[in-house]
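In case you want the letters, here they are:
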Amino acid sequence: MEKVLALLLIALAVVYAVPGPRGIVINLENGELCVNSAQCKSKCCRHDTLLSLARCSPKASENSECSAKTLYGVYKKCPCERGLTCEGDKTIVGSITNTNFGICHDAGRSRE
């Protein structure tokens, strides 16, 4: 029992020794390696090709290519910034094959 308590105290000391709000596994900055979008501050973990390493990236701006959703937590194109909508393929097949790309548009702006 004493060994378990000692290990717990050591683990807590290591956790509190991490400087600043940036995490090792979560709260990652853009450009850092990731395996899931939940790890990134921007909530977008993306890769260029299937064999490339995924990195945290900023969300897509207006009139940029975007992905509506992902099933795997890693995007090929990032979702839109807040206030924008990704207009494109929103089918389950597009999500599975990671080909559900669209363009970010301002939902509040009227179309001309």
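Numbering of residues begins from 1 in every chain and follows the order in which that chain's sequence is written. Under the rules for a predicted model, residues below a pLDDT of 70 receive no local features and side-chain atom pairs below 80 are neither given nor counted, while totals for whole chains, interfaces and linings still include all residues. To obtain the side-chain values, all non-hydrogen atoms of the structure were included, while hydrogens and water were left out.

Under an unreviewed UniProt entry, the name given to the chain is Colipase, and the source organism is Zalophus californianus. Recorded in UniProt for the chain, the comment headed Subcellular location (unreviewed entry) runs: "Secreted". UniProt positions are given in the numbering used here, feature names are shortened, and annotations may be inferred rather than shown by experiment. Quoted verbatim from the Subunit (unreviewed entry) field of UniProt, the annotation for the chain is "Forms a 1:1 stoichiometric complex with pancreatic lipase."

The next point concerns the state of the cysteines. Throughout, a disulfide means two cysteine sulfur atoms within 2.5 Å of one another. A full pass over the atoms with the stated rule returns five disulfides. Bridging cysteine 34 to cysteine 45, the disulfide has an S-S length of 2.0 Å. Where cysteine 34 bonds to cysteine 45 through sulfur, the torsion about that S-S bond is close to 100°, and the disulfide is right-handed. On the criterion of sequence distance, the pair formed by cysteine 34 in the loop between helix 1 (2-17) and strand 1 (45-46) and cysteine 45 in strand 1 is long-range, its members being 11 residues apart. Summarising the burial analysis for this pair, cysteine 34 and cysteine 45 share the class buried. Here cysteine 80 is linked by a disulfide to cysteine 104, with a sulfur-sulfur distance of 2.1 Å. One disulfide, between cysteine 80 and cysteine 104, carries an S-S torsion of -100° and so falls in the left-handed class. With cysteine 80 in the loop between strand 3 (65-67) and strand 4 (84-88) and cysteine 104 in strand 5 (residues 101-106), this residue pair connects regions lying 24 residues apart in the sequence. With relative accessibility at 10%, the residue cysteine 80 sits in the buried group. Across the chain, the way the bonded cysteines pair up, counted in sequence order, is 1-4, 2-5, 3-7, 6-9, 8-10. Every helix listed is a DSSP run of H or I at least four residues long, and every strand listed is a run of E at least two residues long, numbered separately from the N terminus. When a residue's accessible area, from a 1.4 Å probe over protein chains only, is under 20% of the maximum for its type it is buried; when over 50% it is exposed; and in between it is partly exposed.

Here we take up the sheet that holds strand 4. In this analysis, strands are considered paired if DSSP registers two or more bridges between them. The strand order across the open sheet built from three strands is 3-5-4, with neighbouring strands paired in antiparallel fashion. The open sheet has two edge strands, strand 3 and strand 4, and neither has a second partner. The average angle at which neighbouring strand axes cross in this sheet is 55°, direction not considered. Across five bridges, strand 4 lies against strand 5 in antiparallel orientation. Looking across to strand 5, one finds that threonine 85 is bridged to histidine 105. With axes taken as lines fitted to C-alpha atoms, and helix axes fitted only over the stretch in contact, angles between N-to-C directions fall between 0 and 180 degrees.

Attention now moves to the packing of aromatic side chains. Pairing of aromatic rings covers Phe, Tyr and Trp, the last through its six-membered ring, and needs centres within 6.5 Å; plane angles under 30 degrees mean stacked, over 60 mean edge-to-face, and all others mean tilted. In this structure the tally under the stated criterion is zero aromatic pairs. Distance and angle both matter: a charge sits over a ring if NZ of Lys or CZ of Arg is within 6 Å of the ring centre and within 35 degrees of the ring normal. Sitting over the ring of phenylalanine 101, lysine 77 keeps its end group 5.9 Å from the ring centre.

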